[in-house]
Amino acid sequence: MSDVNKKSFSYKVQKNPFLLGLILIMVIVIVAVTFILSSAIQEKADEIKSTTEASTQEVETTDSAPAEDNIIELEKIKKHVSGIKEYSAEATDDGVKITVTFDDEETLLDAHFAGGGSFVDVVPVFYFYVNNGSQIGCPGELKFLSDGVSVEYTLSKLDDFANVVALTDQFTVTNKNIFSLDFNVYLQHKTNDGVGRTVIGNYSITCEEYNKNYAKTPADVSELAEGVKAVDVTKADEFIWVDIYFADEDAYKALNNNFENNFLCFGFEKGGKKFDWKFMATEYDNIKMIRCKFDSYSMAELQKELDDKDITIPELFEEYEINIWTSNYDKEQPLFTLN
């Protein structure tokens, strides 16, 4: 055997049993360490997988639970138009929604004054009956669903109504309990004044019957600015709403300073002095209407300025000539006069 072969690693291993044993020990250690690391990695992977699955299940439960919680039970509902197959209600992030499904597309269109597929020109108004039977209207939004037979009536602006009911009935309105109150959903025609119909509700009579039986005196309005189409007034001891309807988009914007620093104001004369005040206001862009609001809290502040703690909201808005205008600080735009 050559010197080169004697110097090889394999030759040394053969001639040295201790070295061979050492190599065997190293191999065993490497295999053991590899096994331990492999088990640890698999255990960590199983832990991550388990955590992920638990997290996924929790998210799915969280996603599905609110839909169930948002369902509102409707009781004692009356269907006031033909062809209604079913209905449901739910609370939304900012209001409430009623979904009505009709037998077919024809009955759906007929109910919305669109027989033959003509243009639908109505707005849903949610009427509630509070303050010992006062009818209070809250305009909503309408959306036809893709199935061709269903429609959603949505009421997004609850604050105005909630504030009124807190004053008149000491009842706290939420999007979960609002339909425990007496109500009707009424389709009001946007262009044909006086045209409309009740679709669904739990009140004992329809809006049409209510208006016939308890017709209120129309607002005494004069000196209407061009572009103001109509004025409707709803009042009680605790509040007054003055709803101003504008003829079209151009008038709606022009008479309200394009809604840049726009304020709705009213003024009157009492005891030889002139006073003016600002309404709170809510804009309903879809029907070109502004709701001017004044309540007993504001009245208490005005009483101080008038130095008359006994004057009431009905007295002020029934017995005094009230001028109403818009202002953006720089100019005033007269709208009309009440009384």
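See above for the structure.
Bear in mind the structure is a predicted one, so any value in this text is a computation, not a measurement. (Residues numbered from 1 in each chain as written. Predicted model: local features only at pLDDT ≥ 70, side-chain atom pairs only at ≥ 80, totals over all residues. Heavy atoms only, no water.)

A. Local environment of the overall build of the protein chain. Looking only at helices and strands, the protein chain features 9 helices and 19 strands. Looking at the protein chain residue by residue over its 339 residues, the buried ones come to 41%. Counted over contacts in the protein chain with a minimum sequence separation of 6, partners at least 24 positions apart contribute 56%. Total accessible area computed for the protein chain in this model is approximately 19,900 Å², and 50% of it derives from carbon and sulfur atoms. (Helix = DSSP H or I, 4+ residues; strand = E, 2+ residues; numbered from the N terminus. Buried < 20%, exposed > 50% of the residue type's maximum accessible area, 1.4 Å probe, protein only. Contact = heavy atoms within 4.5 Å. Areas by Shrake-Rupley, 256 points an atom, 1.4 Å probe, with all protein chains shown as cover.)

B. A look at the sheet that holds strand S14 (residues 263–270). Pairing is antiparallel across the open sheet formed by 5 strands, whose spatial order is S11-S19-S18-S14-S15. In the strand order of this sheet, the two ends are held by strand S11 (221–222) and strand S15 (273–278), each with one partner. (Pairing = 2+ DSSP bridges.)

C. Inspection of helix H8 (residues 296–306) at higher detail. Inspection of H8 places Ser298, Met299, Leu302, Gln303 and Leu306 among the buried residues, and these make up the whole buried set. Down the axis of H8, the smallest arc covering the buried residues is 145°, so these residues share one side. Looking at H8, the residues exposed on the side facing more than 90 degrees away from the buried face are Tyr297 and Lys304. Buried-residue contacts for H8 involve S14, S15, strand S16 (280–284), strand S17 (289–295) and helix H9 (313–319). At the N-terminal end of H8, a side-chain oxygen is found 3.1 Å from the backbone nitrogen of Tyr297, two or three residues along, and the residue is Asp295. Directly beyond the C-terminal end of H8, a positive phi value near 55° is found at Asp307. (Arc of directions from axis to C-beta. Polar contact = N/O pair within 3.5 Å; in protein donor to acceptor, adjacent residues only side chain to side chain.)

D. Examining the pattern of salt bridges more closely. According to the stated counting rule, one finds 10 salt bridges in the structure shown. Glu249 serves as the salt-bridge partner of Lys253, at 3.3 Å between the closest nitrogen and oxygen. Taken together, the residues span about one helical turn, with Lys253 and Glu249 both in helix H7 (residues 249–254) at a distance of 4 residues. Looking at Lys253, the relative accessible area reads 38%, which means it is partly exposed. We note a salt bridge from Asp308 to Lys270, for which the minimum N-O separation is 3.3 Å. (Salt bridge = Lys/Arg side-chain N within 4 Å of Asp/Glu carboxyl O.)

E. How the structure looks around the sheet that holds strand S8 (residues 150–155). Spatially, the 5 strands line up as an open sheet ordered S1-S3-S4-S8-S7, and their pairing is antiparallel. Whereas interior strands pair on both sides, the edge strands pair on one side only; in this sheet they are strand S1 (71–72) and strand S7 (141–144).

F. Broad picture of the environment of Val173. Residue position: Val173 is located in the loop between helix H5 (159–168) and strand S9 (183–189). Between the C-alpha atom of Val173 and that of Leu158, which follows or precedes it by 15 residues, the distance is 8.2 Å. Apart from residues lying up to four places away in sequence, Val173 is in contact with Phe161, Ala162, Val165, Ile178 and Leu181.

G. Fine view of the packing of aromatic side chains. Counted according to the given criterion, the structure contains 20 aromatic pairs. Measuring from centroid to centroid gives 6.4 Å for Phe279 and Phe317, while their planes differ by 35°, and the two rings are tilted. Taken together, the residues span a long stretch of sequence, with Phe279 in the loop between S15 and S16 and Phe317 in helix H9 at a distance of 38 residues. Assessed through its relative accessible area of 4%, Phe317 is described here as buried. (Phe/Tyr/Trp six-rings, centres within 6.5 Å; stacked < 30°, edge-to-face > 60°.)

H. Examining the pairing of strand S18 (residues 322–327) more closely. For S18, a buried count of 5 out of 6 residues is recorded, marking the element as mostly surrounded by other parts of the structure. Sheet topology places S14 next to S18; 5 bridges connect them, and they run antiparallel. Bridging from a neighbouring strand, Gly267 pairs with Asn323 of S18. In this structure, the hairpin formed by S18 and strand S19 (residues 332–338) is closed by a connection of 4 residues, where Tyr329 is found at a positive phi of approximately 80°.

I. Summary view of a negative patch on the surface. There is a patch of like negative charges on the surface, built from Asp103, Asp104, Glu105, Glu106 and Asp110. Of note, Asp103 is situated in the loop between strand S4 (96–102) and helix H4 (105–111). (Patch = residues over 30% accessible without salt bridge, like charges linked within 9 Å, V, L, I, M, F, W, Y side chains within 5 Å. Lys, Arg positive; Asp, Glu negative; His and termini not counted. Charge placed at Lys NZ, Arg CZ, Asp CG, Glu CD.)

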